[in-house]
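# Coordinates in review
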Amino acid sequence: MTEGTESGIPEGDDAYLSRRTLRTGSAGPLLLTGLGVAYVVSGDYAGWNFGLAEGGFGGLAVASVLMGLMYTCMVFALAELASVLPTAGGGYGFARRALGPWGGFLTGTAILIEFVLAPAAIAIFIGDYVESLDLFGLTSGWPVYLGCFVIFLAIHLWGVGEALRFSLVVTAIAVAALVVFACGAFTDFSADSLNDIPVDSDALGSSSWLPFGLLGIWAAFPFGMWFFLGVEGVPLAAEETRDPARTLPSAMAWAIGVLLVLAAVTFLAASGARGSDAVREAGNPLVAALEPHGETTALSRFVNYAGLAGLVASFFSLVYAGSRQLFALSRAGYLPRFLSLTSRRNAPYLGLLIPGALGFGLAATTGDGARMLNVAVFGAAISYCFMTLSHIVLRRREPDLPRPYRTPGGVVTSGVAFMLALSAVAATFLVDRDAAFIALGVYAVAVAYFAFYSRHRLVAAAPEEEFAALAEAEAELARE
């Protein structure tokens, strides 16, 4: 019998877990692929272009290629781990098996930082879009942020199947609009426009290709990540997926493939249509690329509306990911257990409502979406280090572990992702040191909570904990 209490009342494992059950079999390959793209698609519409101000076209191009390589390698490593441990814990579960309770907690906390802060940032960006489009006369402010959280949380509370189908539709609109944008922008494409940013002659290795020198490549890493940030959240849907051991790896591969194509097309089309210098500081770079003389066209207005759809898709899916990671950590006792309670429709309602309230509060009081997104990027990069390391450790320590899917290249693949993730962590200090220290501050508070309280109250019956305990027992028997 595992210790499990609600309001101090002991209860058995079955009763404890029965109040923490997600709706199984709700997601198939198409919905999961759409979820993977939805996490990221808003990054194609805005944010990546600020990397042009850090590294120029060449610097951001190299950074995007390296970050694309990191995410591709990581996705294939996570696909193997997800086939071995298909639970809602995702990265926390992988690291728990490989690195122990501390590794699991540190990984899960980093993922939470990413998936709780990113929706708050995107809510602010949605407000900016609503204001720029003059929708219903609204301005960017707390009423718009509140509307985002209330409407989209309500859909999540309705049910996971309904939520994922809504996300798929909005994502399809956003992706279709990117294709339309590229077709329009490439008609004005000029290779000379790519390298039109003035060169900083004092920077080491500077040229028209690298106007800010070699260091600009490294400084552009976080912005290269914006083309892919969030795709690693697909495994968090494992307990709601049909045949997850087979479906998750396939969906993750398709998602990263789509994102790689969208990143390359969007980056080239936007930079080459009007010039890197013109779009590097634009809040809406795709629209800026389509309006060389500042005149609104039918195409630019369509892309502007589609950008709002992309933001909604990412906001919606990131809320989903954050709630599932919080659910898994709470169910296992790493965080307060009441946060993992589920409703009659099998939705982790407190895991949705409490982060939602926190996100709304941050958006309404700070209004600093860029800073929050940089904090989220730092948390993400930390989690990538732990998750790819987990793949390496499990391959070395448990080579005979049944793996329905095996990562192409094995530990070489995850090793490449691990080294690039370490570089991405360091690069965040070049872009926004304050954001990095904010994330570390949140981390420190969480670590103190775990060290002094929750690590003594873990729930062994939770799937991730049970799986790790079984491995430890088998290892003990082997030593004897």
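Summarised in this report is the structure supplied together with it. (Residues numbered from 1 in each chain as written. Predicted model: local features only at pLDDT ≥ 70, side-chain atom pairs only at ≥ 80, totals over all residues. Heavy atoms only, no water.)

Moving on: the overall build of the chain. In terms of helices and strands, the chain carries 19 helices and two strands. For a compact globule of 480 residues, the expected C-alpha radius of gyration is about 23 Å, and the chain comes in at 22 Å, within 12% of that figure. Taken along its principal axes, the extent of the C-alpha atoms in the chain is 70 × 50 × 40 Å. Out of the 480 residues in the chain, the part that is buried amounts to 60%. Across the chain, contacts joining residues at least 24 apart in sequence account for 82% of those joining residues at least 6 apart. (Helix = DSSP H or I, 4+ residues; strand = E, 2+ residues; numbered from the N terminus. Rg over C-alpha atoms; globule rule 2.2 N^0.38 Å. Buried < 20%, exposed > 50% of the residue type's maximum accessible area, 1.4 Å probe, protein only. Contact = heavy atoms within 4.5 Å.)

Once that is clear, we can look at the packing of aromatic side chains. One pass over the structure, following the stated rule, counts 24 aromatic pairs. Their ring planes at 70 degrees and their centres at 5.1 Å tell us that Y92 and Y334 sit as a pair that is edge-to-face. Here the residue Y92 occupies a position in helix α5 (residues 91-132), and Y334 occupies one in the loop between α14 (298-331) and α15 (349-366), the gap between them amounting to 242 residues. For the residue pair Y92 and Y334, the accessibility class agrees, reading buried in each case. Each ring, one from F152 and one from F166, has its centre 6.0 Å from the other, and the planes form 40 degrees; the classification is tilted. Highlighted residues: F152 in helix α6 (residues 142-158) and F166 in helix α7 (residues 160-185), separated in sequence by 14 residues. Given the relative accessible area of 11%, F152 is considered buried. On the accessibility criterion, F166 (28% relative accessible area) is partly exposed. The rings of W48, F57, Y71, W209, F227, F228, F267 and Y384 are connected pair by pair, giving a single aromatic cluster. Over the ring of Y16 we find R20; its NZ or CZ atom is 3.9 Å from the centre of that ring. Its guanidinium or amino end placed over the ring of F467, R97 lies 4.1 Å from that ring's centre, counting from NZ or CZ. (Phe/Tyr/Trp six-rings, centres within 6.5 Å; stacked < 30°, edge-to-face > 60°. Lys NZ or Arg CZ within 6 Å of the ring centre and 35° of its normal.)

With that settled, consider the nonpolar core. The tendency in soluble globular proteins is for nonpolar side chains to be buried as a group. Counting residues in each nonpolar core, the largest one holds 160 residues, and the members touching the most others are Y45, Y71, I126, F181, M225, F315 and Y384. With 21 residues, the single largest contributor to this core is α5. Contacts of M225, omitting those with residues within four sequence positions, involve M67, Y71, V377, A381, Y384 and A424. (Core = buried A, V, L, I, M, F, W, Y, C linked by side-chain atoms within 4.5 Å.)

Summed over all chains, the structure comprises twelve salt bridges. A salt bridge links R331 to E464; its shortest N-O distance comes to 3.2 Å. With R331 in helix α14 and E464 in helix α19 (residues 463-479), the pair connects residues that are 133 residues apart, well separated along the chain. We note that R331, like E464, is buried. Residues participating in the shared-partner salt-bridge network are R23, E162 and R345. (Salt bridge = Lys/Arg side-chain N within 4 Å of Asp/Glu carboxyl O.)

Along the chain, S340 turns up in the loop between α14 and α15. Take S340: its relative accessible area is 0%, and that puts it in the buried class. Here R20 takes part through its side chain, which lies 2.8 Å from a polar atom of the side chain of S340. In contact with S340, other than residues within four places in its own chain, are R19, R20, F327, S330 and R331. (Polar contact = N/O pair within 3.5 Å; in protein donor to acceptor, adjacent residues only side chain to side chain.)

Counting through the fold element by element, R324 comes out in helix α14. Overall, the relative accessible area of 2% leaves R324 in the buried class. Leave out the neighbours within four places in its chain, and R324 touches L22, A88, V160, L236, E240, P348 and L352.

Tracing the backbone shows A328 in helix α14. Not counting residues up to four positions away in its chain, the partners in contact with A328 are A88, G89, Y92 and E464.

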